[in-house]
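# Chains, contacts and geometry: an overview
Spelled out, the chains give:
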Amino acid sequence: MQKTQAVASLGQHRLMLPAWVKAALSANDRLKVYLTVLQAAASHAAHPHRDVPDLSKEIAAAGLNTAWLHELAAVARRVDEDLYVPDLPRLVKCVADDLTTMARPVLETISVGDELHRRVQHRLEWLVGLAADRLTDRQIHDLTHGHRGEGDSLHLLVMDLHKKINKVCGDLASEVIAGANVWDLLPQDSLRVEAFMRGLNRTSILKFDHPGLDTAATRDGERLLIQNDIGTNDAHVLVIQVAAHAITLTYSDLHRIRLEFFQVLLEPFGAKWSGLESRTSADLNDGAAYSVSTAQFDCADDAAVEAALEGIGSRIVFLIDWNRARKRLQAFVEKEDAIAILAEVARLDIGHRAWLQVGGERLIFAAMQAAGDGAFRIGDRLDEIVGVADAHAFLVAVMRLACDALRRGQPAALVADETRMLLAQHVRQRTSELDLLAEHASYCQALAQAVSDGLAHGAERSGKAAKELAARSKAWERKADHLVMQARDKAERHPRWRPVARLIEQSDDVADALEEAAFLISLIADHHLKGWNEDVRKVLARLADTVLQATQDQVKALAIARTLGSHGESVDNDAFLGATWRVLQAERQCDAMLRDARRLILGAVQDAPSLMLANDLASTLELASDHLLAAAYALRELAFDKAGVRG
């Protein structure tokens, strides 16, 4: 009889609880691996053409280096409507044994009539009744699903037992180190637990009134075990094993996307993750089965181990309510941007819990409603109105406001007021309309630059160069057209975009004229240069260069328009007027240059096609300057009206 059995036989079960808890925690690790292997087997049998996942790291971390378990997923296949598993009896026995081991410390501390007693007994009897070598889809579901409300499962039972074990750990603890319940530690273990708790305690305040982050630690043979329950989610558990200078972290989560987020959080601390999270298949349990992944930290010395443990501890709080925060943020930004915002507030040690606690999405919706002037309408998303970058910055700022307020004991109403003021500032400063115009103007400048460079370097003398110029110009003109369509679409939804749509349509006449000029150069290069001399080339090049300067001034005017009405108003107004005035001067210069060009062309070119094309090119460049002037006047009206400035 083993010593543990002897003590138990004397009725001193309480004395055996620490040993039983250690065994239960190890059994929990093994049970998770068994369920993962079973899921992999079902997925591989359903899709035999896919590679069998490599679960060696997970199996090794649970101490299960047995050949049959490594091979189980590969040999499984579908037979009729069932999953055929040759080693199913061995797997079922292992599951039953570890379920018994895991349940023991829990069942010893609760009354016989407790529901857990009944569930454990029922599941053990159910396992005995399974067929020798195959499972139905329903049986796989009853083993692996993790959804409350879909009936009990082995997975749910394991999660509930684990939760109870955490409570038993707290009751058992012979010592508390920085808030962690610990027992049976060696002297060197205390420093490592302290390091983990140092990181945890530094950021744990950011969970505010949310429960969770309870930590337990003990020694199991050559390993230090540290466990954190994170939050209230049953499947949301983190277990750390430390042996010598190696750390193995096993993390389980119902949400694969949060697991991937946690992987990124821990990479700066040296985490090397297994790919297990990618093997939670949507084909199983409607994609709801929990995901498990393992990270390895190979540390050089004790100091590196403690630094890694501190880093791990400091990041855990940012997992609490993470999925809820992500979903709330997606009402305002795209999914990827929501995750980026959560990563940013984690990096800044702000977190998202304070924002959720003071109202979350309600704060933002209320601020949008209060923005006034038809800035937002029902169904509008924040990033569509103020832009992706501004939406990101605003939401991070609101989370900082919420965090600072709660840490100072300030009321949620103050955060709501500050959020409204902050959004009003972003809406006033945001020039998404002008951004669209500026992007369009940059295409016009690119077109003018290409035409000017083409004439300066003799593109009309090279068929290849001229064709390339025409092709590039056409591509830019199409992109400019796409911006026009965007503006029209926005104008249909928001009245404030209508002046912008009209202005960008005027500006698009510039792009059309410049693209036509590039096309004419390609026609001229097709053997229609008869009679061209240096004077003709120079006057056309000067005409193109003047148009280029006008497009550059238009770009400058748009850049200045962003700041009209803010600090330094008179200086900005003068600069804006100066840029638009230079566009006017350019148009007048182009008028005179067109007359000069026609006179030179008529005197030098006698060939009819060459004469026609040279004249058309000069006229088209002058036409571009006319459209630029119209666009500059329209921009002046729009910018001054927007800023409340009299022009």
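Just above sits the structure.
Structural notes, computed from the coordinates. Numbering of residues begins from 1 in every chain and follows the order in which that chain's sequence is written. Reporting in this predicted model follows two pLDDT cut-offs: at least 70 for local features of residues, and 80 or more for side-chain atom pairs to be given and counted; totals over whole chains, interfaces and linings ignore these cut-offs and use all residues. Each side-chain value is worked out from all heavy atoms of the structure, with water and hydrogens disregarded.

### Quick word on unusual backbone geometry
For A178, which is not glycine, the phi dihedral falls at a positive 55 degrees. Looking at the element boundaries, A178 is found in the loop between β4 (175-177) and β5 (180-183). Positive phi outside glycine occurs at A244, with the angle close to 55 degrees. Secondary structure elements follow DSSP: runs of H or I no shorter than four residues count as helices, runs of E no shorter than two count as strands, and numbering proceeds from the N terminus. Along the polypeptide, A244 turns up in the loop between β8 (237-243) and β9 (246-253). Relative accessibility under 20% of the residue-type maximum defines a buried residue, over 50% an exposed one, and the middle range a partly exposed one, all with a 1.4 Å probe and only protein chains included. Overall, A244 belongs to the exposed group, its relative accessible area being 59%.

### Regarding the sheet that holds strand β6 (residues 215-220)
Any two strands between which DSSP finds at least two bridges are classified as paired. Spatially, eight strands are ordered β4-β5-β6-β7-β8-β9-β11-β10 in an open sheet, and the strand pairing comes out mixed. Either end of the sheet is taken by a strand with one partner, and the two such strands are β4 and β10 (272-273). Direction of pairing for β5 relative to β6: parallel, over a ladder of three bridges. Paired with V182 across the strands is A217, a residue of β6. The contact definition used throughout considers only heavy atoms, calling two residues in contact when any of these lie within 4.5 Å. Here the axes come from fitting lines to C-alpha atoms, over the contacting stretch only for helices, and the angles between their N-to-C directions go from 0 to 180 degrees. Of the strands in this sheet, β4, β5, β6, β7 (223-228) and β8 touch helix α9 (residues 187-203), which is tilted by about 25 degrees from β7.

### So, the sheet that holds strand β2 (residues 82-84)
With antiparallel pairing, three strands are arranged side by side in an open sheet as β1-β2-β3. On the outer flanks of this sheet lie β1 (77-79) and β3 (134-135), each paired with one strand and no other. One ladder, built from two bridges, connects β2 with β3; its direction is antiparallel. Directly across from Y84, in β3, lies its bridge partner R134.

### Things to note about the pairing of β7
Here β7 lies mainly inside the structure; five of its six residues are buried. Looking at chain direction, β6 and β7 are connected through six bridges and run antiparallel. Paired with A216 across the strands is Q227, a residue of β7. Between β6 and β7, which follow one another and run antiparallel, lie two residues, and G221 among them has a positive phi close to 65 degrees. As defined by bridge partners, β7 adjoins β8 across five bridges and the pair is classed as antiparallel. Of the residues in β8, the one forming a bridge with L225 is Q241.

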